[in-house]
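Listed below are the residues making up each chain.
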Amino acid sequence: MQLAALREQLDAVRRNGVLTTAKQEHDGERLADLERHFALLDHKVEELRKGKEEWGRRAWAVVGPVLGALMGVALGYLLKR
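On a predicted model such as this, the values are computed, not experimentally measured, just so you know. Each chain carries its own residue numbering, running from 1 in the direction its sequence is written. Only residues with pLDDT of at least 70 get local features here, since the model is predicted, and only at 80 or more are side-chain atom pairs given and counted; chain-wide, interface and lining totals rely on the full set of residues. Remark: hydrogens and water are excluded; side-chain values derive from all non-hydrogen atoms of the structure.

Points about the pattern of salt bridges
Then, in step 1: We define a salt bridge as a side-chain nitrogen of Lys or Arg found within 4 Å of a carboxyl oxygen belonging to Asp or Glu. In this structure the tally under the stated criterion is four salt bridges.
Then, in step 2: Note that Arg49 and Glu46 form a salt bridge whose closest N and O atoms lie 3.8 Å from each other. Of the two residues, Arg49 and Glu46 both sit in helix α1 (residues 2–80), three residues apart, roughly one turn of that helix.
Then, in step 3: The partner of Glu54 in a salt bridge is Arg57, and the shortest N-O contact between them spans 3.0 Å. On the criterion of helical spacing, the pair formed by Glu54 and Arg57 is a turn pair, its members being three residues apart in helix α1.
Then, in step 4: Through salt bridges with shared partners, a single network forms among Glu54, Arg57 and Arg58. A helix here means a DSSP run of H or I that spans at least four residues, while a strand means a run of E at least two residues long, and both kinds are numbered starting from the N terminus.

Take a look at the structure:
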């Protein structure tokens with residue numbers, strides 16, 4: 001009787017160990033998925049930062065000539081008076 005109970009307990013411990021190992025593997029896979037997801041998000045944020053910097057450079061590339069043209073028009077108007 002006691003031998004049968006001990007065998008049942010041993011089987012339960014083994015099943016629990018297998019389940020724990022399977023859960024750990026699943027958790028490891030989920031962790032790897034999260035790491036990939038965070039890496040992808042980090043890459044996208046970096047692309048957005050670079051895009052923002054590029055638009056800033058482009059804006060200043062346009063603003064300079066526009067300001068120069070406006071100053072030229074203003075000076076031309078003032079000198080003709």
